[in-house]
Amino acid sequence: MVVISRTGSIYCTRTETTRSKVGNNAPFGTRHKFDTSHVKKTCVGFSSLSSDSARKIQITQKRIFTGVGSKRGHTLIVAASPPTEDAVVMAEPLTKKDLVDYLASGCKPKEKWRIGTEHEKFGFEFGSLRPMKYEQIADLLNGISERFDWDKVMEGDYIIGLKQGKQSISLEPGGQFELSGAPLETLHQTCAEVNSHLYQVKAVAEEMGIGFLGIGFQPKWGLKDIPIMPKGRYEIMRNYMPQVGSLGLDMMFRTCTVQVNLDFSSEADMIRKFRAGLALQPIATALFANSPFTEGKPNGLLSMRSHIWTDTDKNRTGMLPFVFDDSFSFEQYVDYALDVPMYFAYRKGKYVNCTGMTFRDFMEGKLPCIPGELPTLNDWENHLTTIFPEVRLKRYLEMRGADGGPWRRLCALPAFWVGLLYDEVSLQNVLDMTADWTSEERQMLRDKVPKYGLKTPFRDGLLKHVAEDVLKFSKDGLERRGFKETGFLNAVAEVVSTGVTPAEKLLDLYHGKWGQSVDPVYEELLY
């Protein structure tokens, strides 16, 4: 039973069902909001939502999940990951202002800023090195749930994830195993969370003969070798991707990333962080470049994962030049998102294919797939998760430019961005440094870094020289935070000082002691 009451300007929810699954590719739920704890009252944080928008939400007494949570033994089983579209029923049609207010409701004071880290990894069978099949993944998820008290997330009869507190484990389209971490205050907490997760996963996986590889692109196997996960939204995406780009299926099935989600205090603060994040995203791509192999051979790139996004779907990816316009605002991002083609709507427990249609059409009741129906805020949040620029705005900002890597680099990525964006002096230094970069220069870096890394020419030098300044800004920002977090940057400090990316080290091994075989990478980058 969902009840939403208003106390001042904060909306609070109470639910008798269990927690929802969150994840980078989940259609609902993010790191910082809408975590409905089991029989607990939690503030959703719509403090910035206008009273006009708030009045449009009329609550009905319906369950938030597509099925009923139940206990089997000592493990709680929750229904499919997305909440039903009926959890909130709009008394009046949504307006664009409602969508803008929704993004603005993410604003929070600095003392409430948190760090949300996500990382993906490839599971494989010891011996054959083949990707995990879904049946093995199901056994792994069940084992982690039973041994470490995680709640199971189901879609129909399939287990598709786990939930524990504000952490979740989810499956990407090709079975990539993702931890979506809780929003945490310090990088020490982030690294402790990573270590705990890896311990739990390995404890169960090793008994099954399964290992996990930290790399940005599947190094050995082709698309035909990758298992397909039984999640409804992925079927829609799989059919749509070849229509809009040549590499979308590779993105879905053969890439892994690590990213960090960070807060902002106001629209002005969001704009400054968005611009800094976009300008420096190619540097993050270079520092974490870790995907030089395709189907057993060098692919000519240092970050195949990053290159793939250049021909996945130009309508929903890229460097978003309009973010640097003087007029940029929450509203302008909403205008952009309204015209990004949809993937789906979620109705009556099923994903409805709405590919090629826009949310703007949805606002006018003009979707042929669900004729006459109007969207809810749930639909809007679903849609925002299907947009994939280098930095993504939801009710926080997602830094999306880094390849997946081994555990020692999983804490370095959030450290890099926290030092730059959560310290006012460092953030201003970045903005001053990048203020005269042109749109063409930013795009050039985005295009060339996947191949050349820190050796990418930039103005009178190399990107390495810019990265040296940026790393110092980050380190200084972490020092001013006062949590003794600078040690987490050691993994990237070596990359900056030498100019040699992780991918180039792998290539040296491939051409040297590995004897031109990629198989040893499964041991080199084993978690």
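Quick caveat: nothing in here was measured; it's all calculated off a predicted structure.

Undergrad: I'm lost on the pattern of salt bridges in this one. Help?
TA: It is possible for side chains of opposite charge to pair when their charged atoms get near one another. On inspection of all chains with the given rule, the structure shows 33 salt bridges. Lys96 serves as the salt-bridge partner of Asp335, at 3.0 Å between the closest nitrogen and oxygen. In this pair, Asp335 is assigned in helix H9 (residues 330–338) and Lys96 in helix H2 (residues 96–104), connecting sequence segments 239 residues apart. Among the residues examined, Lys96 registers a relative accessible area of 28% and is labelled partly exposed. With a shortest N-O distance of 2.8 Å, Asp339 and Arg360 are connected by a salt bridge. Here Asp339 is found in the loop between H9 and strand S18 (344–347), whereas its partner Arg360 is found in helix H10 (residues 359–363), with 21 residues between them in sequence. The class for Asp339 is partly exposed, based on a relative accessible area of 42%. Taking the relative accessible area as the measure of exposure, Arg360 reaches 30% and is therefore partly exposed. Connected through shared salt-bridge partners, Lys96, Glu331, Asp335, Asp339 and Arg360 make up one network.

Undergrad: Quick question: what am I supposed to make of unusual backbone geometry here?
TA: Trans is the common state for peptide bonds, and a negative phi is the common state for residues other than glycine. Residues other than glycine seldom take positive phi values, yet Leu129 does so here, at roughly 65°. Since its relative accessible area comes to 13%, Leu129 is described here as buried. Within the chain, Lys348 stands out as a residue other than glycine whose phi angle is a positive 55°.

Undergrad: Just to check I follow, could you spell out the packing of H2 against H9 for this structure?
TA: Helix packing for two helices is described by the angle between their axes and how far apart those axes are. Where H2 meets H9, the closest approach of the two axes is 9 Å, and the angle between their N-to-C directions is 115°. Remark: the crossing between H2 and H9 carries right-handed chirality. When H2 is examined against H9, the residues Lys96, Leu99, Val100, Leu103 and Ala104 are found in contact with a partner set consisting of Phe330, Glu331, Tyr333, Val334, Asp335 and Leu338. For the contact of H2 with H9, a count of residues per class yields 8 nonpolar, no polar and 3 charged.

Undergrad: Sorry if this is basic, but what is going on with the pairing of strand S14 (residues 257–262) here?
TA: Each regular strand carries side chains that alternate between the two faces of the sheet. S14 sits mainly inside the fold: 6 of its 6 residues count as buried. Neither face of S14 is left uncovered, since the one carrying Thr257, Gln259 and Asn261 and the one carrying Val258, Val260 and Leu262 both have all their residues buried. Of the pairings in the sheet, the one linking strand S8 (residues 115–125) to S14 comprises 5 bridges and is antiparallel in character. In the strand pairing of S14, Gly116 is matched with Asn261. Of the strand pairs in this sheet, S14 and strand S22 (residues 397–403) are connected by 5 bridges, and their pairing is antiparallel.

Undergrad: Can you walk me through the nonpolar core in this structure?
TA: Most often, soluble globular proteins have nonpolar side chains that are buried together. Counting 155 residues, the largest nonpolar core has Phe177, Phe274, Tyr333 and Trp417 as the members making the most contacts within it. A total of 11 residues in this core trace back to one element, the largest contributor, which is helix H7 (residues 267–287). Those residues in contact with Phe177 that lie beyond four places of it in its chain are His119, Glu120, Lys121, Ile137, Leu140, Leu141, Ile144, Ile169, Ser170, Leu171, Val201 and Phe212.

Undergrad: Explanation requested: the packing of aromatic side chains in the structure shown.
TA: Aromatic ring pairs are defined here through the distance separating the ring centres and the angle between the ring planes. Inspection of every chain in the model, using the stated rule, returns 21 aromatic pairs. The interplanar angle of 70° and the centroid separation of 6.1 Å between the aromatic rings of Phe148 and Tyr199 together place this pair among those described as edge-to-face. Of this pair, Phe148 sits in helix H3 (residues 134–148) while Tyr199 sits in helix H4 (residues 187–205), and the two are 51 residues apart along the sequence. Residue classification places Phe148 among the buried positions, given a relative accessible area of 19%. The exposed category is assigned to Tyr199, whose relative accessible area is 57%. Each ring, one from Phe177 and one from Phe212, has its centre 5.3 Å from the other, and the planes form 45°; the classification is tilted. With Phe177 in strand S12 (residues 177–180) and Phe212 in strand S13 (residues 210–213), this residue pair connects regions lying 35 residues apart in the sequence. In this pair, the class of Phe177 matches that of Phe212, namely buried.

Undergrad: Even after reading the chapter, I still don't get the confidence of the model for the protein chain, so can you show me in this structure?
TA: Close inspection of predicted coordinates is inappropriate for parts of the model with low pLDDT. Of the residues in the protein chain, 83% have a pLDDT of 70 or more, and the chain-wide mean is 87. This model gives residues 1–48 a pLDDT under 50, and the stretch forms 169 contacts once residues within four places in sequence are excluded. Across residues 79–88, confidence stays below pLDDT 50; counting only partners more than four residues off in sequence or on other chains, it has 49 contacts.

Undergrad: What should I look at first to understand H9 in this one?
TA: Side chains of residues three or four places apart in an α-helix project in the same direction, reflecting 3.6 residues per turn. In terms of residue burial, H9 counts as a mostly covered element, since 7 of its 9 residues are buried. For H9, the full list of buried residues reads Phe330, Gln332, Tyr333, Val334, Tyr336, Ala337 and Leu338.

Undergrad: Hey, could you run me through the state of the cysteines in this one?
TA: Put plainly, a disulfide is one covalent bond tying together the sulfur atoms of two cysteines. Counted under the stated rule, the structure contains 1 disulfide. Covalently, Cys191 is tied to Cys411 through a disulfide, its sulfur atoms 2.2 Å apart. Since a negative S-S torsion denotes a left-handed disulfide, the Cys191-Cys411 link at about 95° is right-handed. Here the residue Cys191 occupies a position in helix H4, and Cys411 occupies one in the loop between helix H12 (407–410) and helix H13 (412–421), the gap between them amounting to 220 residues. Taken as a pair, Cys191 and Cys411 share a single burial class, namely buried.

Conventions and cut-offs
Residues numbered from 1 in each chain as written. Predicted model: local features only at pLDDT ≥ 70, side-chain atom pairs only at ≥ 80, totals over all residues. Heavy atoms only, no water. Salt bridge = Lys/Arg side-chain N within 4 Å of Asp/Glu carboxyl O. Helix = DSSP H or I, 4+ residues; strand = E, 2+ residues; numbered from the N terminus. Buried < 20%, exposed > 50% of the residue type's maximum accessible area, 1.4 Å probe, protein only. Axes fitted to C-alpha atoms, helices over the stretch in contact; angles between N-to-C directions. Left-handed = near helix turned anticlockwise from the far one by under 90°. Contact = heavy atoms within 4.5 Å. Nonpolar A, V, L, I, M, F, W, Y, C, P; charged D, E, K, R; others polar. Pairing = 2+ DSSP bridges. Core = buried A, V, L, I, M, F, W, Y, C linked by side-chain atoms within 4.5 Å. Phe/Tyr/Trp six-rings, centres within 6.5 Å; stacked < 30°, edge-to-face > 60°. pLDDT = per-residue confidence, 0-100. Disulfide = S-S within 2.5 Å.

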